[in-house]
Amino acid sequence: MVDILLLALLTVSLIALIWPFFLYPMFLSLLPRRACSKDKAHRPSVSLLFCAYNEGAAMPAKIANLAMLKRRHPDLEILAFDDRSSDDTADQLSARPDLVTLVRGAGRSGKAHGMKQLAAQARGEILVFTDANVMLAPDAIENLLSYYADPKVGGVLGSLHYVKGEGESATAAVGSLYWRIEEQLKDMESRTGNVMGADGSIFSTRRALYPDFPDTVLDDLTVSMAVVFAGQRLIKAKDVVATENLVSARSDEYRRKVRIAARSWHTHLHLRPQLRAMRRLDRFKYTSRKIVRWFGALFLLTGALSAAILLWRLNIYAFAAVMGLAVLGLLAGTMMRSGPVAAVMDILIAYAATLQGVVRAMKGGVMATWAPAKSR
């Protein structure tokens with residue numbers, strides 16, 4: 001009886017682990033596709049918004065990218081919020097009043113607060129949100145606006161492509177692989193109805209749908225899901241391209257994942273009444289891509305524990321050998337920065353960081369502010 005229970009726990013844990021990355025995409029592939037019309041001639045007014053904190057190193061490239069977009073779209077309104085940077089980020093932006101309207105924060109208040117300030121000042125019918133270190137392709141704005149010719153579309157996500165640096169680390173390689181899977185999932189969700197939330201790199205919404213929310217939530221998830229709650233479509237466009245450098249240091253990636261997971265869970269609690277009112281398909285999508293993944297480390301632990309106990313009950317010598325190899329593998333993984341062993345270690349670290357962030361949020365921890373990764 002004990003063995004049956006352990007085998008059942010192992011099976012459930014394995015299914016939960018592979019569900020978001022393998023079984024959920026298989027389910028999405030079986031759903032009917034929903035068409036979306038677009039018109040390149042459709043040009044509503046548009047405002048581009050981003051927040052920055054200590055992004056001085058990225059500002060020359062960012063300003064050049066904004067200038068290129070402004071030349072292609074003279075009516076493009078660009079607003080930036082500086083979250084009281086201690087470097088020259090604000091000085092570089094304020095030096096281009098012809099290009100950017102700069103809003104200076106009174107102190108460290110976080111991205112959600114900054115985006116709300118910008119959205120309140122923006123005049124465009126369409127609000128486009130991005131990050132200070134993200135570069136938009138020359139045709140990103142016109143391609144994005146063309147989807148709003150469809151009155152059923154309330155929000156459009158772009159496609160983020162990560163740029164690899166020289167001597168790529170296992171952390172960067174794992175991050176790149178994870179993001180490619182994430183982008184594919186968003187594509188499949190978009191084809192079948194709604195994407196379950198945006199990240200802050202590149203997304204947009206109709207200004208009329210911009211919601212009110214506290215400063216402690218993830219503004220990108222909150223604002224994008226407001227489109228779904230309003231009964232309009234949230235889609236992803238492959239031809240709206242943005243690029244960003246990969247994070248290559250484990251410490252930077254760990255802190256980033258803890259922060260994002262903590263704020264994601266806090267945001268989930270804030271949105272829960274509206275999430276419950278969504279259509280069944282959208283609730284299923286949200287659970288599959290968000291909630292199941294947040295607790296991946298827990299499923300990993302229960303699966304490993306049940307497998308270890310089963311092996312111990314079957315053959316204690318095999319158990320000792322496997323445990324020894326596992327310990328050696330973990331030790332090797334902590335010392336290596338490239339190769340398959342290091343990649344496995346980075347996957348385990350990502351699971352651990354996500355669970356730590358969720359648990360921190362459950363305990364009432366709030367992480368409203370952010371800092372740019374040094375290893376980008």
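Relevant structure appears above.
In short, a report on the structure. Within every chain, residues take consecutive numbers counted from 1 along the sequence as written. With pLDDT at 70 or above as the cut-off, local features in this predicted model cover only qualifying residues; side-chain atom pairs require 80 or more to be listed or tallied, and sums for whole chains, interfaces and linings still use all residues. Excluding hydrogens and water, the side-chain values take into account all heavy atoms of the structure.

### Describing the overall build of the protein chain
Counted only if it meets this: Runs of E in the DSSP output that reach at least two residues are strands. Runs of H or I that reach at least four are helices, and both are numbered from the N terminus. Only protein chains enter the accessibility calculation, which uses a 1.4 Å probe; a residue is then buried when its area is under 20% of its type maximum, exposed when over 50%, and partly exposed in between. Note on definitions: a residue-residue contact is assigned when non-hydrogen atoms from the two residues lie within 4.5 Å. Only the protein chains shown count as covering a residue, and every accessible area follows the Shrake-Rupley method with a 1.4 Å probe.
Regarding its fold elements, the protein chain presents 12 helices and 8 strands. The 376 residues of the protein chain split such that 51% are buried. Counting only contacts in the protein chain whose residues sit at least 6 apart along the sequence, the fraction spanning at least 24 positions is 83%. Entry remark: accessible area of the protein chain is about 17500 Å², with carbon and sulfur atoms responsible for 62%.

### Topic: the pairing of strand β4 (residues 126-131)
Within a regular beta strand, the side chains point alternately toward one face of the sheet and then the other, so they alternate between its two faces. Counted only if it meets this: Strand pairing is defined by DSSP finding a minimum of two bridges between the two strands.
The buried fraction of β4 amounts to 6 of the 6 residues, a majority that puts the element mostly inside the structure. Burial along β4 is two-sided: I126, V128 and T130 facing one way and L127, F129 and D131 facing the other are all buried. Here β4 pairs with strand β7 (residues 202-206) via 5 bridges, running antiparallel. Note that in β7 the partner of F129 across the bridge is F203.

### A few points about the side chain of S85
For clarity, the threshold we go by: Under the rule applied, a polar contact is a pair of N or O atoms within 3.5 Å (in protein, one hydrogen donor and one hydrogen acceptor; residues adjacent in sequence only if both atoms are side-chain atoms).
Mapped onto the elements, S85 comes out in the loop between β2 (77-82) and α3 (89-94). A polar contact of 2.8 Å, which involves the side chain of S85, links it to the backbone nitrogen of N54. Within the structure, the side chain of S85 is placed 2.5 Å from the side chain of D82, a separation counted as a polar contact. Apart from residues lying up to four places away in sequence, S85 is in contact with A52, Y53 and N54.

### Overview of the environment of R360
Secondary-structure assignment places R360 in helix α12 (residues 340-362). Using a relative accessible area of 33% as the deciding quantity, one classes R360 as partly exposed. Residues R360 and V258, spaced 102 residues apart in sequence, show a C-alpha to C-alpha distance of 8.6 Å.

### Some remarks on helix α10 (residues 296-314)
Threshold: Expected span of a helix, by definition, is 1.5 Å for each gap between consecutive residues, and there is one gap fewer than residues.
Over its 19 residues, α10 extends 27 Å from the first C-alpha to the last, a length consistent with the 27 Å expected when each residue adds 1.5 Å. Buried within α10 we find G296, A297, G303, S306, A308 and L310.

### Considering helix α9 (residues 280-294)
Heads up, the condition is: Given a residue, its bend is the angle between the two axes fitted to the seven residues that end at it and to the seven that start from it.
Here α9 is 15 residues long and its end C-alpha atoms lie 20 Å apart, about the 21 Å a rise of 1.5 Å per residue gives. The principal kink in α9, of about 35°, is found at T287.

### Quick notes on unusual backbone geometry
Residues other than glycine seldom take positive phi values, yet N54 does so here, at roughly 50°. Tracing the sequence through the fold places N54 in the loop between β1 (46-52) and α2 (59-72). Assessed through its relative accessible area of 23%, N54 is described here as partly exposed. Despite not being glycine, R84 has its phi angle at roughly 60°, a positive value. Given the relative accessible area of 49%, R84 is considered partly exposed.

### Some thoughts on the nonpolar core
Across soluble globular proteins, you tend to see nonpolar side chains buried next to one another. Filter applied, for reference: By convention a nonpolar core is built from buried Ala, Val, Leu, Ile, Met, Phe, Trp, Tyr and Cys residues, the set being connected through side-chain atoms within 4.5 Å.
Membership of the largest hydrophobic core comes to 44 residues, with the highest contact counts inside it found for L49, M115, L118, F129, Y210, M225 and Y286. Each residue touching M115, except ones within four places of it in the same chain, is listed here: L49, F50, C51, F129, T130, Y210 and D219. Formed by 38 residues, the second largest nonpolar core is a distinct cluster that contains L66, V128, L160 and I235.

### As for the sheet that holds β1
The strands that make up a sheet are held in pairs by hydrogen bonds between backbone atoms, and each pair lies either parallel or antiparallel. Read across the sheet, 8 strands follow the order β3-β2-β1-β4-β7-β6-β8-β5 without closing on themselves; strand pairing throughout is mixed. Of all the strands in the sheet, the pair left with one neighbour each is β3 (101-104) and β5 (135-136). Examined bridge by bridge, β5 and strand β8 (residues 233-245) share 2 bridges and lie antiparallel to one another. When the sheet's bridge partners are listed, L136 is paired in β8 with A242.

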